[in-house]
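# Examining the three-dimensional arrangement
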Amino acid sequence: MTSTEAPPPRTPRFIAFRQTVQRMEQGRDSVALRWQALFAVIDLAILAFFLFGPYLRSGPSYLIIDYIVAIWIGLELLVRLIAAPKPQSLLRRPMTWIDLAILATLLFPYTLYNFAFLRVMRLWAIGNSAFLRVGLRRLGYPHLLDVVRAFINFVVFLFIVTGFVYTSFFYD
């Protein structure tokens, strides 16, 4: 580098952070897939908490875990907002609206307990993620993608319908 050359332009931290988050969210390289796998495992742990929530509700740690999950989902939404090219594009995604409904049930667990069954929709997000598609391809089973997604959609459908029925007939 000579004295007449200008140094390369520096990227502001916000833009660099946005690009990193976008690469983690949409990337297909091994680092991005590891992050996506970590988030999928966290989502499955959250789903386990949702499933066992009715049994844990009377325990003292229920609200603590509930609010920790709410903070996690809130941070996820915030990071997705930062990574989105425009905030309007984030609002067009169905998963954003699902996460907002889930966040409401987490922040007000005793008021919105009738809608807690909507939390299983996080499983739908895993089924529609690129992580599932790339993971099945790397494992040598790309032909099973439609079957796995159909199974996940069926399980989510069963939980949602059961939740509606249970809420409609047993919570008076």
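Residues numbered from 1 in each chain as written. Predicted model: local features only at pLDDT ≥ 70, side-chain atom pairs only at ≥ 80, totals over all residues. Heavy atoms only, no water.

## A closer look at a positive patch on the surface
Definition in use: Note that patches include only residues with greater than 30% relative accessible area and no salt bridge, and the join distances are 9 Å for like charges and 5 Å for nonpolar side chains (Val, Leu, Ile, Met, Phe, Trp, Tyr). The Shrake-Rupley method, run with a 1.4 Å probe sphere, supplies the accessible areas, and residue values consider only the shown protein chains as cover. When a carboxyl oxygen of Asp or Glu is within 4 Å of a side-chain nitrogen of Lys or Arg, the pair counts as a salt bridge. When charges are counted, Lys and Arg contribute as positive and Asp and Glu as negative, whereas His and the chain ends are disregarded. Charged groups are reduced to one reference atom each: NZ for lysine, CZ for arginine, CG for aspartic acid, CD for glutamic acid. In DSSP terms, a helix is any run of H or I states spanning at least four residues, a strand is any run of E spanning at least two, and both are numbered starting from the N terminus.
Judged by side-chain charge, R28, R133, R137 and R138 come together as a positively charged surface patch. Topologically, R133 is positioned in helix α7 (residues 130–139).

## Digging into the layout of surface pockets
The cut-off we apply is this: We place a 1 Å grid over just the protein atoms. Points where a 1.4 Å probe fits but has no way out form a cavity, open points with protein on both sides within 12 Å along at least 5 of 7 lines form a pocket, and any residue with an atom within 4 Å of a point lines it. Grid points are joined across faces, edges and corners, and a volume is the space filled by probe spheres set on the points.
In this model, the largest pocket occupies a volume close to 910 Å³. What lines the largest pocket is a set of 28 residues, among which E25, F39, E76, R80 and S129 lie closest to the centre. Secondary structure elements with two or more residues in the lining of the largest pocket: α1 (13–26), α2 (30–56), α3 (62–83), α5 (94–107), α6 (121–127) and α7. The leading source of residues in the lining of the largest pocket is α1, at six residues.

## Quick notes on the packing of aromatic side chains
Rules: Between rings of Phe, Tyr and Trp, where Trp is taken as its six-membered ring, a pair exists when centres lie within 6.5 Å; planes separated by under 30 degrees are stacked, by over 60 edge-to-face, and by other angles tilted. In this scheme, a residue with accessible area under 20% of its type's maximum is buried, one over 50% is exposed, and one in between is partly exposed, where area comes from a 1.4 Å probe on protein chains only.
Following the criterion strictly, the structure yields four aromatic pairs and no others. Centroid distance W35 to F39: 5.9 Å. Interplanar angle 35 degrees. Geometry classified as tilted. Of the two residues, W35 and F39 both sit in helix α2, four residues apart, roughly one turn of that helix. Take W35: its relative accessible area is 36%, and that puts it in the partly exposed class. F39 sits in the partly exposed class, given a relative accessible area of 27%. Ring centres of F39 and W72 lie 5.9 Å apart, and the angle between their planes is 50 degrees; on these two criteria the pair is classed as tilted. One end of the pair, F39, is in helix α2; the other, W72, is in helix α3, and 33 residues separate them in sequence. Among the aromatic residues, those joined into a ring-pair cluster are W35, F39 and W72.

## Points about α3
The condition that has to hold: For a helix, the expected span equals 1.5 Å multiplied by the number of residues minus one. Should any heavy atoms of two residues lie within 4.5 Å, those residues are considered in contact.
If you check α3, its first and last C-alpha atoms are 31 Å apart, about what 22 residues at 1.5 Å a residue would give, namely 32 Å. Burial in α3 covers these residues: Y62, D66, V69, A70, I73, E76, L77, R80, I82 and A83. Its buried side turned inward, α3 meets α1, α2, α4 (87–91), α5 and α6.

## Remarks on the packing of α2 against α3
For any two helices packed against each other, one specifies the crossing angle of their axes together with the interaxial distance. Condition: The axes used here are C-alpha line fits, helices contributing only the stretch in contact, and every angle between their N-to-C directions lies in the interval 0 to 180 degrees. Should the near helix be turned anticlockwise from the far one by less than a right angle, the crossing is termed left-handed; should it be turned clockwise, right-handed. Nonpolar residues are Ala, Val, Leu, Ile, Met, Phe, Trp, Tyr, Cys and Pro. Charged residues are Asp, Glu, Lys and Arg, and all others, Gly as well, are polar.
With their axes 11 Å apart at the nearest point, α2 and α3 run at an angle of 145 degrees to one another. In the packing of α2 onto α3, the handedness of the crossing is left-handed. Residues F39, I42, D43, I46, F49, F50, G53 and L56 of α2 form the contact with α3, whose own contacting residues are Y62, I65, D66, V69, W72 and E76. Class assignment of the residues belonging to the contact of α2 with α3 gives a composition of ten nonpolar, one polar and three charged.

## Some details on the pattern of salt bridges
Once the charged atoms of two side chains with opposite charge are near each other, the side chains can pair. Taken as a whole and assessed by the stated rule, the structure comprises six salt bridges. Between E76 and R122 there is a salt bridge whose closest N-O contact spans 3.0 Å. One end of the pair, E76, is in helix α3; the other, R122, is in helix α6, and 46 residues separate them in sequence. Summarising the burial analysis for this pair, E76 and R122 share the class buried.

## Some details on the side chain of R80
Looking at where R80 falls in the secondary structure, it is placed in helix α3. Among the residues examined, R80 registers a relative accessible area of 12% and is labelled buried. Residues in contact with R80, not counting those within four places in the same chain, are E25, L90, R93, M95, T96, D99 and R122.

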